[in-house]
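Below are the chains, spelled out letter by letter.
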Amino acid sequence: MTNHVVLYEPLMPANTGNIARTCAGTNTVLDLIEPLGFQIDDKKMKRAGLDYWDKVDVRRHDDLEAFLKTLGPQDEMYLISKFSAKNYAEVDYTDEDKDYYFVFGKETTGLPETFMREYYDRNLRIPMSVNIRCYNLSNSVAMVLLEALRQQGFPNMETAHHYENDKLKDDYNRPERYERNLGEE
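**Q** Got a minute to help me understand helix α1 (residues 13–26) in this structure?
**A** The α-helix advances 3.6 residues per turn, and as a result positions three or four apart in sequence lie on the same side. Taking 1.5 Å as the rise per residue, α1 with 14 residues should run 20 Å; its terminal C-alpha atoms sit 20 Å apart, in good agreement. Among the residues of α1, those classed as buried are Pro13, Asn15, Thr16, Gly17, Ile19, Ala20, Cys23, Ala24 and Thr26. Among the residues trailing α1, asparagine 27 stands out with phi positive, at a value near 55 degrees.

As structure tokens, then:
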């Protein structure tokens, strides 16, 4: 089972850099569908991804059709869109025989309408209030990807780590600290 974040014609290098960093931290493949709105070596994008680029499996596709040809018969593709009625958290992402592809649209226009209609049953929504038009792309990727990883048991990821200079080091051996009512001080 492999998770993929797919960005359709991303425009903003900082978003793609942030998403690449999230992919590095979660062992997720990053698929980029061209054309991109920036050069892949853009300083802003590299800065946002910091020094993690060598840890990201980045796959570039000439266009949407070329990307679709890479999908296997067992793969599950989901289109993330504010126009869908189905909640992304209502889907089961735990089948180990499948790879999961989460497709996100361009920051300004989203995914092509014809593509969304063709895969109507594959559209998922992140719940939000009427106060905004949409979430930031890199935040949206993190929300959906972390839900899939949570369901999958965070494979090949540390769920706890103790640092030499850890601010909570003394509390690790005091379970009663976590049993008290946090409202009491």
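Once you've had a look at it, read on.
**Q** Any chance you could explain the nonpolar core here in plain terms?
**A** Looking at soluble globular proteins, one finds that nonpolar side chains tend to be buried together. Ranked by internal contacts, the top residues of the largest apolar core, which has 27 residues, are Val5, Leu7, Leu30, Tyr93 and Phe104. Counting only elements with at least two residues in this core, the list comes to β1 (3–8), α1, β2 (29–33), β4 (76–80), β5 (100–104) and α5 (137–151). Beyond its immediate sequence surroundings of up to four residues, leucine 7 is in contact with Thr16, Ile19, Leu30, Asp31, Leu32, Ile33, Phe104, Leu137 and Val141. The next biggest cluster of nonpolar side chains, apart from the first, holds twelve residues, and it includes Val6, Ile33, Met77 and Leu79.

**Q** Which parts of the structure should I look at to understand the packing of aromatic side chains?
**A** Remark: the centre distance and the inter-plane angle together describe each pair of aromatic rings, the angle taken between the planes. In total, this model carries six aromatic pairs according to the counting rule given. Ring geometry for tyrosine 78 against tyrosine 93: centres 5.8 Å apart, planes inclined by 90 degrees, an arrangement best described as edge-to-face. Taken as a pair, tyrosine 78 in strand β4 and tyrosine 93 in the loop between β4 and β5 lie far apart in primary sequence, 15 residues in all. Under the relative-accessibility criterion, tyrosine 78 is labelled buried at 7%. The class of tyrosine 93 is buried, set by a relative accessible area of 0%. When the centroid spacing of 5.3 Å and the interplanar angle of 75 degrees are considered together, the rings of tyrosine 93 and phenylalanine 102 count as edge-to-face. Phenylalanine 102 gets classed as buried once you look at its relative accessible area, which sits at 1%. By the ring-pair criterion, three or more aromatic residues cluster together here, those being Tyr78, Tyr93, Tyr100 and Phe102.

**Q** Any chance you could explain the environment of threonine 28 here in plain terms?
**A** When you line up the elements, threonine 28 lands in the loop between α1 and β2. According to the relative accessible area criterion, threonine 28 is buried, its value standing at 3%. When the C-alpha positions of threonine 28 and histidine 4 are compared, they lie 5.6 Å apart, and in sequence the two are 24 residues distant. If near-sequence neighbours (up to four positions away) are discounted, threonine 28 is found in contact with Asn3, His4, Val5, Cys23 and Leu145.

**Q** Hey, could you run me through the packing of α1 against α5 in this one?
**A** When two helices pack together, their arrangement is given by the angle between the helix axes and by the axis-to-axis distance. Interhelical geometry of α1 versus α5 gives an angle of 15 degrees and a closest axis separation of 9 Å. In terms of their interaxial angle, α1 and α5 are classed as roughly parallel. The interaxial crossing formed by α1 with α5 has right-handed handedness. Note on element contacts: α5 touches α1 through Leu137, Ser138, Val141, Leu145, Leu146 and Leu149, opposite Asn15, Asn18, Ile19, Thr22 and Thr26. Considering only residue class, the contact of α1 with α5 consists of six nonpolar, five polar and no charged.

**Q** Which parts of the structure should I look at to understand unusual backbone geometry?
**A** What is expected of a backbone is that most residues other than glycine have negative phi and most peptide bonds are trans. Note that the residue after glutamate 34, namely proline 35, is joined by a cis bond; omega there is 5 degrees. Secondary-structure assignment places proline 35 in the loop between β2 and α2 (43–49). Even without being a glycine, phenylalanine 154 presents a positive backbone phi close to 50 degrees. You can see phenylalanine 154 is positioned in the loop between α5 and α6 (176–179). Despite not being glycine, asparagine 156 has its phi angle at roughly 55 degrees, a positive value. With a relative accessible area of 75%, asparagine 156 lands in the exposed category.

Rules behind the numbers
- Starting from 1, residues in each chain are numbered consecutively following that chain's sequence as written.
- Local features in a predicted model are, by the rule used here, given only for residues with pLDDT of at least 70; side-chain atom pairs are given and counted only at 80 or more, and totals for whole chains, interfaces and linings are based on all residues.
- Side-chain measures here rest on the full set of heavy atoms in the structure, leaving out hydrogens and waters.
- A run of H or I in DSSP counts as a helix once it spans at least four residues, and a run of E counts as a strand once it spans at least two, with each numbered from the N terminus.
- The span one expects for a helix is its residue count, reduced by one, times 1.5 Å.
- Note on classification: 1.4 Å probe, protein chains only; a residue is buried when its accessible area is under 20% of the maximum for its type, exposed when over 50%, partly exposed between these limits.
- Take the buried residues of types Ala, Val, Leu, Ile, Met, Phe, Trp, Tyr and Cys, join any two whose side-chain atoms come within 4.5 Å, and each joined set is a nonpolar core.
- Residues are treated as being in contact if the distance between any of their heavy atoms lies within 4.5 Å.
- Pairing of aromatic side chains requires ring centres within 6.5 Å, counting the rings of Phe and Tyr and the six-membered ring of Trp. Pairs whose planes differ by under 30 degrees are stacked, by over 60 edge-to-face, and all others tilted.
- Axis lines are fitted to C-alpha atoms, over the contacting stretch for helices. Their N-to-C directions set the angle, which ranges from 0 to 180 degrees.
- What sets the label is the angle itself: under 35 degrees gives roughly parallel, over 145 gives roughly antiparallel, 65 to 115 gives roughly perpendicular, and the rest give oblique.
- Left-handed describes a crossing whose near helix is turned anticlockwise from the far helix by less than a right angle; the clockwise case is right-handed.
- Only Asp, Glu, Lys and Arg are considered charged, only Ala, Val, Leu, Ile, Met, Phe, Trp, Tyr, Cys and Pro nonpolar, and every remaining residue, Gly among them, polar.

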